[in-house]
Amino acid sequence: MIYRKIEDIVGSDREVYAENGNWISRRILLRSDGMGFSFHETIIKTGTETHIWYKNHLESVYCIEGEGEIETLGDGEIYPIRPGVMYALNDNDEHLLRCHKEMRLMCVFLPPLTGTEVHREDGSYAPIEDEELVHG
Ligand code: 9YT
């Protein structure tokens, strides 16, 4: 049984800050926890736009606070985000994530993140076999 509280993650090495300041990711479950997925609480800062393209991961996101939108770059569709909305990047969709009012999002990644990943130049996280790149 794994039991964790968000206050144990905040301020620990499982709390990761985006290099551009756009988001904070609290990594509640990671690959080392052996669940087969990782599970995060992500805070997205108001007024930010983030280019994301998880080529190596599937991500599902559920909004519990705030307001924003996603624009999928393949087709220019805009999807509003508000509490109660879920989106799943089932096609590794390249997108822009915009935040109008600070958002709290619960995110699941498959395969699981190892821990310290931040977005690379192309908006992706490194695949598992590139772990040495992730850890420097
Ligand atoms: C929604 C999203 O992908 N935000 C970027 C951070 C990511 N969720 C993470 O690493 O937790």
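Definitions and limits used
- Numbering of residues begins from 1 in every chain and follows the order in which that chain's sequence is written.
- The predicted origin of the model limits local features to residues at a pLDDT of at least 70 and limits the giving and counting of side-chain atom pairs to 80 or more, whereas totals for whole chains, interfaces and linings rest on all residues.
- To obtain the side-chain values, all non-hydrogen atoms of the structure were included, while hydrogens and water were left out.
- Residues are labelled near a given molecule or strand when at least one of their non-hydrogen atoms is within 4 Å of it.
- Nitrogen and oxygen atoms within 3.5 Å of one another constitute a polar contact, given that in protein one can donate a hydrogen and the other can accept it, and given that sequence-neighbouring residues count only through two side-chain atoms.
- Throughout, the Shrake-Rupley method with a 1.4 Å probe supplies accessible areas, and for residues the shown protein chains are the sole cover considered.
- The definitions used throughout rest on a 1 Å grid laid over the protein atoms alone, on which a cavity is an enclosed set of points accommodating a 1.4 Å probe that cannot get out and a pocket is an open set flanked by protein within 12 Å on both sides along at least five of seven lines; lining residues are those having an atom within 4 Å of a point.
- Molecule-in-pocket calls rest on the fraction of atoms, with more than half required to lie within 2 Å of the cavity or pocket grid points.
- Strands are runs of DSSP state E lasting at least two residues, helices are runs of H or I lasting at least four, and both sets are numbered from the N terminus onward.
- When residues are sorted by character, Ala, Val, Leu, Ile, Met, Phe, Trp, Tyr, Cys and Pro go into the nonpolar class, Asp, Glu, Lys and Arg into the charged class, and all the rest, Gly among them, into the polar class.

Description of the site of the ligand
Then, in step 1: Among the 16 residues in the neighbourhood of the ligand, the closest are listed as Ser 25, Arg 27, His 40, Tyr 54 and Tyr 125.
Then, in step 2: In this structure, an oxygen atom belonging to the ligand sits 3.1 Å away from a side-chain N or O atom of Thr 42.
Then, in step 3: The separation between an oxygen atom of the ligand and a polar side-chain atom of Tyr 125 is 2.5 Å.
Then, in step 4: Here the ligand, which alone exposes 310 Å², has 100% of that area covered by the protein.
Then, in step 5: For the ligand, the cavity whose grid points lie within 2 Å of the majority of its atoms is the largest cavity.
Then, in step 6: Going through the elements one at a time, strand S2 (23-29), strand S3 (38-44) and strand S8 (95-110) are the ones with two or more residues in the shell around the ligand.
Then, in step 7: For the shell around the ligand, the element with the highest residue contribution is S8, accounting for four residues.
Then, in step 8: Partitioning the shell around the ligand into residue classes produces ten nonpolar, four polar and two charged.

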